[in-house]
Amino acid sequence: MSPSTGGDVALGDRLGLKPGTVVQELGWDEDVDDDVRRAIEDAIDADMVDGDHGDVVDAVVLWWRDDDGDLVDALVDSLTDLVGGGAIWLLSPKVGRPGAVDPADVAESAPIAGLSTTTTVAVGREWTGTRLVAPKSR
């Protein structure tokens, strides 16, 4: 097993992804980390789907930079196809990198979009992932 494969498995585990999980990717641009994308696709044993998927998804990967617009709107849009109990992984450049998102902005935006922040992990050299979930309904 190569070191990169081991890393792929670890990233998939950290993100709670396993084979068969349907992951929607939003916010892709030229600056995304292709190693992170490959690790996610290896973990789910499939390609990620895009915003035109038209069916429910188990998780959303939202690549987001500080100058991408209104984070609340993007989070609300990310909920469109997300199955109940699913998670949004907000991937943003690490603090100090171009396009970094202030963690306070995430903390303020999530509840407005009806989400809770649960955990933050490093996902590659340049990106951080923040897991957001909708509070469980009663």
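The structure under discussion appears in the preceding block.
Here the structure is a predicted model, which means the values were calculated and not measured.

Here we come to the pairing of strand β5 (residues 127-133). Sheet faces and side chains relate simply in a regular strand, where the side chains alternate between the two faces. Counting buried positions over the seven residues of β5 gives six, a clear majority of the element. In this structure, strand β3 (residues 82-93) lies alongside β5, joined through seven bridges in antiparallel fashion. Bridging from a neighbouring strand, Leu91 pairs with Gly129 of β5. Examined bridge by bridge, strand β4 (residues 116-122) and β5 share six bridges and lie antiparallel to one another. Within β5, the position partnered with Thr120 by the bridge is Thr130. Hairpin remark: β4 followed by β5, antiparallel, with four residues in the connecting loop; positive phi at Gly124, about 105 degrees.

What follows covers the environment of Ser109. Mapped onto the elements of the fold, Ser109 is located in helix α4 (residues 103-112). For the pair Ser109 and Val22, spaced 87 residues apart in sequence, the C-alpha separation works out to 25 Å. Dropping the residues within four chain positions of it, Ser109 is found in contact with Leu71, Val72 and Leu75. Looking at Ser109, its side chain comes within polar contact range of the main-chain oxygen of Asp105, at 2.8 Å.

To continue, consider the environment of Gly96. On the secondary structure map, Gly96 appears in the loop between β3 and α4. C-alpha of Gly96 to C-alpha of Ala59: the two residues are 37 residues apart in sequence and 27 Å apart in space.

The rules behind each value
- Residues numbered from 1 in each chain as written.
- Predicted model: local features only at pLDDT ≥ 70, side-chain atom pairs only at ≥ 80, totals over all residues.
- Heavy atoms only, no water.
- Buried < 20%, exposed > 50% of the residue type's maximum accessible area, 1.4 Å probe, protein only.
- Helix = DSSP H or I, 4+ residues; strand = E, 2+ residues; numbered from the N terminus.
- Pairing = 2+ DSSP bridges.
- Contact = heavy atoms within 4.5 Å.
- Polar contact = N/O pair within 3.5 Å; in protein donor to acceptor, adjacent residues only side chain to side chain.

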